[in-house]
Amino acid sequence: QVQLVESGGGLVQAGGSLRLSCAGAGRTFSRHARGWFRQAPGKEREFVAGINWNDSTYYADSVKGRFTISRDNAKNTVYVQMNSLKPEDTAVYYCAAVALPGLDGTMVPDEYDYWGQGTQVTVSS
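Parameters at a glance
- Residues numbered from 1 in each chain as written.
- Predicted model: local features only at pLDDT ≥ 70, side-chain atom pairs only at ≥ 80, totals over all residues.
- Heavy atoms only, no water.
- Core = buried A, V, L, I, M, F, W, Y, C linked by side-chain atoms within 4.5 Å.
- Buried < 20%, exposed > 50% of the residue type's maximum accessible area, 1.4 Å probe, protein only.
- Helix = DSSP H or I, 4+ residues; strand = E, 2+ residues; numbered from the N terminus.
- Contact = heavy atoms within 4.5 Å.
- Phe/Tyr/Trp six-rings, centres within 6.5 Å; stacked < 30°, edge-to-face > 60°.
- Lys NZ or Arg CZ within 6 Å of the ring centre and 35° of its normal.

Counting residues in hydrophobic clusters, the biggest one holds 33 residues, and the most contacted among them are Trp36, Phe67, Met82 and Tyr93. For this core, the secondary structure elements donating two or more residues are strand S3 (18-25), strand S4 (34-39), strand S5 (46-51), strand S6 (57-59), strand S7 (67-72), strand S8 (77-82), strand S9 (91-97) and strand S11 (119-124). When residues of this core are assigned to their parent elements, the largest contribution, five residues, is made by S9. Met82 has contacts with Gly16, Ser17, Leu18, Leu20, Arg66, Phe67, Tyr93 and Val121, leaving out every residue within four places of it along the chain.

Put into structure tokens, the structure is as follows:
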């Protein structure tokens, strides 16, 4: 059974930092596009950051310069380092992966095949 398991969420003050992790289980994702999304109450799920099969990265404008996505293939894990957090970053954060290797990711949630259960990030003002 394929699983993505997020960790690292929590409560932090504005201006603080958190690092989220997403570990894959049941298959390897070393050459697969991965992504981070978030969903705030009453809002649609939105793209945050993505890393392609070749490790190129891309970000939503709202987090560019503050968030950094990376991967450790030996651990089958993708990370997002979140700095200079703002109250508007408060949401449930989800990681995602595509099923086929060698493809670029997208900002569209429906293009991803596997999802984690989500981890809550709360930024207080």
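The structure having been displayed, the exposition proceeds.
Tallied over the full model, the rule gives six aromatic pairs. When the ring of Phe37 is compared with that of Trp115, the centres are 5.1 Å apart and the planes differ by 55°; the resulting orientation is tilted. One end of the pair, Phe37, is in strand S4; the other, Trp115, is in strand S10 (residues 114-115), with 78 residues separating them in the sequence. Members of the aromatic cluster, connected to one another through ring pairs, are Phe37, Phe47, Tyr58, Tyr112 and Trp115. Over the ring of Tyr94 we find Arg45; its NZ or CZ atom is 3.8 Å from the centre of that ring.

So, on to the side chain of Ser21. Here Ser21 lies in strand S3. Residue class for Ser21 comes out buried when judged on its relative accessible area of 16%. Not counting chain neighbours up to four residues away, the residues in contact with Ser21 comprise Val5, Glu6, Ser7, Trp36, Thr77, Val78 and Tyr79.

When glycine is set aside, most residues are seen to have a negative phi, and most peptide bonds are trans. Phi at Asn76 takes a positive value of approximately 55°, unusual for a residue other than glycine. Structurally, the position occupied by Asn76 is in the loop between S7 and S8. The class for Asn76 is buried, based on a relative accessible area of 12%. Although it is not a glycine, Ser84 adopts a positive phi angle of roughly 50°. Structurally, Ser84 can be placed in the loop between S8 and S9.

Any functional reading would require information that these geometric values do not contain.
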